[in-house]
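A closer look at the structure
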Amino acid sequence: MWPCYVINLAANTKRMENSARALGAQGIVFERLEAINGWKLSDTEVASVYDAAQNRKRAKHPLVRPEIGCYLSHIECWRRIAENEAAGGFVFEDDISVSVDLAEVLKLVSGDDARDWDILKLFSFDHAPRTVSARTLGSKHRLVIPFRVPTCLIGYALTRQAAREMVARAVPFFRPVDEDLKFFWETKMRVALVVPPPVSVGDQEAATGTIGNERRSAKKGSRLLHGLIHQVRYNANLHLYRWLGR
């Protein structure tokens, strides 16, 4: 099985305990990765990785500090996978809940010789997404190319080559990390999805607060029209590139 990494802030001990218990019950060995605390980043540190100008032009909303820390934490996981001898790796956030066959799925993914994907998401809120293509993965799951790449990165796999490419292009960033992967025509990543998902959203309680709460408390300003334009542009590009078969 490819190496597994769990992103966790030190203060969120309950989340880490829950994740360790769930993964350990299936014999899944993992390495805890100390998450980067976005609340503690200095203005200089933020400016060195976050492109605020591009955000205003091309993103739906300004990034809050926890989103910046989250993106940096995922980049660190990609870097470790890129430097590992294995052909890929798995990344989990610490608020996961797992199905009883997660270990089986991870073994199937690790040994998937077809490898017609670069990033393979293990979770989607939509359990029956519109698909571009599909094939079997073992006896209980399918590996599909979704028409629309879902948000949320609580669990996914990526190949070593994809990790190298993502590290090389990641900084500076201007969208949340899960939003960036939706723009597959920019990242050039082939994003696939396991259906039904072997991972789901678990306990959201966090000693440090959550990204959602931070975003809701941030001033939204007058970006409603901007958000609508952003969505129209995204949908237009999505349909164009799917029509082109990319």
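Reference entry: report on the structure contained in this document. (Residues numbered from 1 in each chain as written. Predicted model: local features only at pLDDT ≥ 70, side-chain atom pairs only at ≥ 80, totals over all residues. Heavy atoms only, no water.)

**Observations regarding the overall build of the protein**
A tally of helices and strands in the protein yields 10 helices and 10 strands. Here the C-alpha atoms of the protein give a radius of gyration of 18 Å, agreeing with the 18 Å that 2.2 N^0.38 yields for 246 residues. Seen through its principal axes, the protein has C-alpha atoms that stretch 50 × 45 × 30 Å. With an accessible surface of roughly 11900 Å², the protein has 53% of that area assigned to carbon and sulfur atoms. Side chains of the protein give 35 positive and 28 negative charges; the mean places of these two sets differ by 7 Å. (Helix = DSSP H or I, 4+ residues; strand = E, 2+ residues; numbered from the N terminus. Rg over C-alpha atoms; globule rule 2.2 N^0.38 Å. Areas by Shrake-Rupley, 256 points an atom, 1.4 Å probe, with all protein chains shown as cover. Lys, Arg positive; Asp, Glu negative; His and termini not counted. Charge placed at Lys NZ, Arg CZ, Asp CG, Glu CD.)

**Quick notes on the packing of aromatic side chains**
To describe a pair of aromatic rings, one takes the distance between the centres and the angle between the planes. Summed over the entire model, instances satisfying the criterion amount to 10 aromatic pairs. Look at Trp 2 and Phe 90: their rings are 5.7 Å apart centre to centre, the planes differ by 40 degrees, and that puts the pair in the tilted class. Of this pair, Trp 2 sits in the segment before strand S1 (4-8) while Phe 90 sits in strand S3 (residues 88-93); the two residues are 88 residues apart in sequence, bridging distant segments of the chain. Accessibility expressed as a relative area gives 0% for Phe 90, which makes it buried. Aromatic pair Phe 184 and Trp 185: ring centres 4.9 Å apart, planes at 80 degrees, arrangement edge-to-face. With respect to burial, Phe 184 and Trp 185 carry one shared label: buried. Chaining the aromatic ring pairs together yields one cluster made of Phe 183, Phe 184, Trp 185, Tyr 234 and Tyr 241. Residue placement shows Arg 130 over the ring face of Phe 147; its charged tip is 3.8 Å from the ring centre. The ring centre of Phe 183 lies 3.5 Å from the NZ or CZ of Arg 175, which sits over that ring. (Phe/Tyr/Trp six-rings, centres within 6.5 Å; stacked < 30°, edge-to-face > 60°. Buried < 20%, exposed > 50% of the residue type's maximum accessible area, 1.4 Å probe, protein only. Lys NZ or Arg CZ within 6 Å of the ring centre and 35° of its normal.)

**Section: the sheet that holds strand S6 (residues 131-137)**
If you trace the 8 strands from one edge of the open sheet to the other, you get S2-S1-S3-S8-S5-S9-S7-S6, paired in mixed fashion. Edge positions in the sheet fall to strand S2 (31-34) and S6, since each of these pairs with one other strand and no more. Direction aside, neighbouring strands of the sheet carry axes that sit 25 degrees apart on average. In the sheet, S3 pairs with strand S8 (residues 155-159) via 5 bridges, with the strands oriented antiparallel. If you follow Val 91 over to S8, its bridge partner there is Tyr 156. Its contacts with the sheet place helix H1 (residues 13-24) against S1, S2 and S3, and it is angled at close to 160 degrees to S1. Strand contacts of helix H6 (residues 160-170): S3 and S8, with the helix running at about 95 degrees to S8, the strand carrying the most contacts. (Pairing = 2+ DSSP bridges. Axes fitted to C-alpha atoms, helices over the stretch in contact; angles between N-to-C directions. Contact = heavy atoms within 4.5 Å.)

**Remarks on the side chain of Asn 37**
Turning to its location among the elements, Asn 37 is positioned in the loop between S2 and helix H2 (43-49). A relative accessible area of 19% means that Asn 37 is categorised as buried. Of note is the side chain of Asn 37, whose polar atom sits 3.0 Å from the backbone nitrogen of Trp 39. (Polar contact = N/O pair within 3.5 Å; in protein donor to acceptor, adjacent residues only side chain to side chain.)

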